[in-house]
Amino acid sequence: MKAIVMTGPRKSKVTEIPIPKIRDNELLVKVTYTGMCHSEWYPWSVAQPGEMFGHETVGVVAEVGRDVQGFRVGDRVTGLGGGGYKEYIVMEPCKTVHVPDNLQDEDAIAEPLACLLSAAMKNPIQTLGDSIAVVGAGYMGLGIISLFRAMGYGDIVAIDKREEARANALRFGATQAYAPDALPKGFIMNFDTMGKTDLSRDGHPDGFWNMGFQNVMEFTGTQDGLQLAGDLTAAHGRLGIGGYHNDSFRSIDYKLWNFKAITTINCHERRIDYEAGLCERCMMLLSRGIWKFTGVTNRIYAMDEFDKGNEDMIAHAGGFIKGAVRCSD
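Residues numbered from 1 in each chain as written. Predicted model: local features only at pLDDT ≥ 70, side-chain atom pairs only at ≥ 80, totals over all residues. Heavy atoms only, no water.

> Lay out the pairing of strand β13 (residues 263-266) in plain terms, naming residues and giving numbers.
Pairing analysis gives four bridges linking strand β12 (residues 233-241) to β13, with the strands arranged parallel. Residue pairing in the sheet places Leu239 in a bridge with Thr264 of β13. Handedness of the β12-helix α7 (residues 254-260)-β13 crossover: right-handed. (Pairing = 2+ DSSP bridges. Helix = DSSP H or I, 4+ residues; strand = E, 2+ residues; numbered from the N terminus. Right-handed = clockwise from strand over helix to strand, strands pointing away.)

Encoded structure:
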């Protein structure tokens, strides 16, 4: 079978490797698409020869272990399956879910959807119609915006440097969209906008409780995006950090965060069983139209175009929102 194998930084090749053998409690899945995840862009850019990537898979069951219940050859499935840039992968039934008949394969790449649902559940709405700011309107930012709309948030303010991303944000449920350098007065709460701070307990300057947002979600994965998200968070506000910051260390103004007494939430998910359950829930939400987040995977690449796909992803080339590699017919 064919597989994408790295030959060095930013360079891969398609090579032939054996089709894996399954055990009695496993599934062999012929991979249709593997989604391209920004979390793997940096590892791809510094890759060592022989490394393999891919964890966002959707495909068709090709073989069923004799002890496996609930799956048949030909079933369309998705879930948590690693090493997905191959024609075939082995999946565990407990991490595998069926794809509803009314969903396209490209819309049923469940792993990133489960990450989004987990992040949303860590930032529950307090009162119907609450406002929230979302920093970053790439694929994950758009997904969280559409989820927040389904959850009942009211004003959803999207912030992104790219005009195209801001237009996408409005299409997926944001009520307002701004460039970082065009934010209205009152959105930012830092030491420059607050003026002199007072710890005497005699009160605060006028407007202190009208600055910033009580709810902020960051989905940029960049230093400046994280800093902006902190500046947007109001006193005693809640900041969800969903961006994957894996390329270097980050610096934050903890003096400011400390003074504002904000709550920060790491929105990443490492509980595999829980995330597998979310994969199934995501399929239901999309299938029933509760979560309106389909038609977002807008770039499909052949296996030998994997490196081009990564370059397009970082450059947002040609309206890139979400890419996927087609691993088999």
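Now, onward.
> I'd like a rundown of the packing of helix α2 (residues 110-121) against helix α3 (residues 139-151), residues and numbers included.
Contact pair α2 / α3: the axes reach a minimum separation of 10 Å and the direction vectors enclose 50°. Judged by the angle between their axes, α2 and α3 are oblique. Helix-helix and strand crossings are classified by hand; for α2 and α3 the assignment is right-handed. Residues Pro112, Leu113, Cys115, Leu116, Leu117, Ala119, Ala120 and Met121 of α2 form the contact with α3, whose participating residues are Tyr139, Met140, Gly143, Ile144, Leu147, Phe148 and Met151. For the contact of α2 with α3, a count of residues per class yields 14 nonpolar, one polar and no charged. (Axes fitted to C-alpha atoms, helices over the stretch in contact; angles between N-to-C directions. Parallel < 35°, antiparallel > 145°, perpendicular 65-115°, else oblique. Left-handed = near helix turned anticlockwise from the far one by under 90°. Contact = heavy atoms within 4.5 Å. Nonpolar A, V, L, I, M, F, W, Y, C, P; charged D, E, K, R; others polar.)

> An account of empty space enclosed by the protein is needed here, citing residue identities and associated values.
Counting across every chain of the model gives one cavity of 30 Å³ or more. The space that makes up the largest cavity amounts to roughly 80 Å³. Forming the walls of the largest cavity are Glu106, Asp107, Ala108, Ile109, Pro112, Leu113, Tyr139, Phe293, Val296, Thr297 and Lys322. (1 Å grid on protein atoms, 1.4 Å probe; cavity = no way out; pocket = protein on both sides within 12 Å on 5 of 7 lines; lining within 4 Å. Points joined across faces, edges and corners; volume = space filled by probe spheres on them.)

> Which residues make up the pairing of strand β4 (residues 57-64), and what values go with them?
Bridge count for strand β3 (residues 27-35) against β4 is seven bridges, and the pairing is antiparallel. Counterpart to Lys30 in the pairing with β4 is Val60. Sheet topology places β4 next to strand β5 (residues 76-79); three bridges connect them, and they run antiparallel. Within the sheet, the bridge partner assigned to Val60 lies in β5 and is Arg76.

> Tell me about the side chain of Asn123, and name the residues and values.
For Asn123, the position within the fold is in the loop between α2 and β8 (132-135). Asn123 sits in the buried class, given a relative accessible area of 2%. Polar contacts involving the side chain of Asn123 include one to the main-chain carbonyl oxygen of Ala119, which spans 2.9 Å. Setting aside chain neighbours within four positions, we find Asn123 in contact with Phe148, Met151, Tyr153, Met217, Arg238, Gly240, Ile265 and Cys267. (Buried < 20%, exposed > 50% of the residue type's maximum accessible area, 1.4 Å probe, protein only. Polar contact = N/O pair within 3.5 Å; in protein donor to acceptor, adjacent residues only side chain to side chain.)

> Kindly report on unusual backbone geometry, identifying the contributing residues and their values.
If you check the backbone angles, Arg10 has positive phi at about 65° while not being a glycine. Although it is not a glycine, His316 adopts a positive phi angle of roughly 55°. Its location among the elements puts His316 in the loop between α9 (306-315) and β15 (322-326). Using a relative accessible area of 30% as the deciding quantity, one classes His316 as partly exposed.

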